[in-house]
Amino acid sequence: MASRVAAIWNHPAGPKTIHFWAPTFKWGISIANIADFQKPADKISYPQQLAVTATGLIWSRYSMVITPKNWNLFSVNIAMATTGIYQLSRKLSQDYTDVPEVPRKQVAAKETQ
């Protein structure tokens, strides 16, 4: 167990380097985007979500071609791309279809009945 902790601690992308802390703090963007799932779709910004999605896709690829592979960077960028794609799909659906978005509170109320 101690050798495993030492290996993580001394890894080139471990907690002693910026290669660990930058992606760790980048999780805040993904968490904020998940919190925005509760917002109405008309409040979603195309430029913001396109930037989040593009950043996630570009940097997740980059994290797999650098040495050493940075799995923390890869996972946060996959999360960014996924949440950005979801938010864009909500916005596109709201703007280009006639189906109104049902507020989550109404859906939860119907499920409990």
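Notes on the structure follow. Everything numeric here is computed off the predicted structure, so don't read it as measured data.

## Quick notes on the packing of helix α2 (residues 18–35) against helix α4 (residues 71–96)
Phase 1: Interhelical geometry of α2 versus α4 gives an angle of 20° and a closest axis separation of 9 Å. By the angle between their axes, α2 is roughly parallel relative to α4. The handedness of the crossing between α2 and α4 is left-handed. Contacts from Phe 20, Pro 23, Thr 24, Lys 26, Trp 27, Ile 29, Ser 30, Asn 33 and Ile 34 in α2 reach Asn 72, Leu 73, Ser 75, Val 76, Asn 77, Ala 79, Met 80, Thr 83, Gly 84 and Gln 87 in α4.
Phase 2: Within the contact of α2 with α4, the residues separate by chemical class into nine nonpolar, nine polar and one charged.

## As for unusual backbone geometry
Backbone geometry follows two general trends: most residues other than glycine have a negative phi, and most peptide bonds adopt the trans configuration.
Phase 1: The amide bond that connects Thr 67 to the next residue, Pro 68, takes the cis arrangement and shows omega of -5°.
Phase 2: Checked against the element boundaries, Pro 68 lands in the loop between α3 (46–65) and α4.

## Things to note about the pattern of salt bridges
Between side chains of opposite charge, a pair can form when the charged atoms approach closely.
Phase 1: Counted according to the given criterion, the structure contains two salt bridges.
Phase 2: Of the charged contacts, one joins Asp 36 and Lys 39 as a salt bridge, the two residues approaching to 3.7 Å between their closest N and O atoms.

## As for the environment of Trp 59
Phase 1: Tracing the chain through its elements places Trp 59 in helix α3.
Phase 2: Owing to a relative accessible area of 38%, Trp 59 belongs among the partly exposed residues under this scheme.
Phase 3: Taking C-alpha positions, Trp 59 is 9.9 Å from Met 80, a pair spaced 21 residues apart along the chain.
Phase 4: The residues contacting Trp 59, other than those within four sequence positions of it, are Lys 26, Leu 73 and Asn 77.

## What to know about the environment of Thr 55
Phase 1: Looking at the secondary structure, you find Thr 55 in helix α3.
Phase 2: Thr 55 sits 29 residues away from Gly 84 along the chain, and the two C-alpha atoms are 9.5 Å apart.
Phase 3: Apart from the residues within four sequence positions on either side, Thr 55 is in contact with Lys 26, Ser 60, Asn 77 and Met 80.

What counts as what
Along each chain, numbering runs from 1 in the same order as the chain's sequence is written. Per-residue local features of the predicted model are confined to residues with pLDDT of at least 70, and side-chain atom pairs are confined, for both listing and counting, to 80 or more; whole-chain, interface and lining totals are unaffected and use all residues. Hydrogens and waters are ignored; side-chain quantities use all the structure's heavy atoms. All axes are obtained by fitting lines to C-alpha atoms, using only the stretch in contact for helices, and the reported angles, taken between N-to-C directions, cover 0 to 180 degrees. Every helix listed is a DSSP run of H or I at least four residues long, and every strand listed is a run of E at least two residues long, numbered separately from the N terminus. Put simply, angles under 35 degrees are roughly parallel, angles over 145 are roughly antiparallel, angles from 65 to 115 are roughly perpendicular, and the rest are oblique. Note: crossing handedness is left-handed where the near helix turns anticlockwise from the far helix by less than a right angle, and right-handed where it turns clockwise. Residue contacts follow a heavy-atom distance rule, with two residues in contact if any of their heavy atoms lie within 4.5 Å. Here the term charged refers only to Asp, Glu, Lys and Arg, the term nonpolar to Ala, Val, Leu, Ile, Met, Phe, Trp, Tyr, Cys and Pro, and the term polar to all other amino acids, Gly among them. Here a salt bridge means any side-chain nitrogen of Lys or Arg lying within 4 Å of a carboxyl oxygen belonging to Asp or Glu. Categorising residues by exposure relies on relative accessible area from a 1.4 Å probe, with only protein chains included: less than 20% of the type maximum marks a residue as buried, more than 50% marks it as exposed, and the intermediate range marks it as partly exposed.

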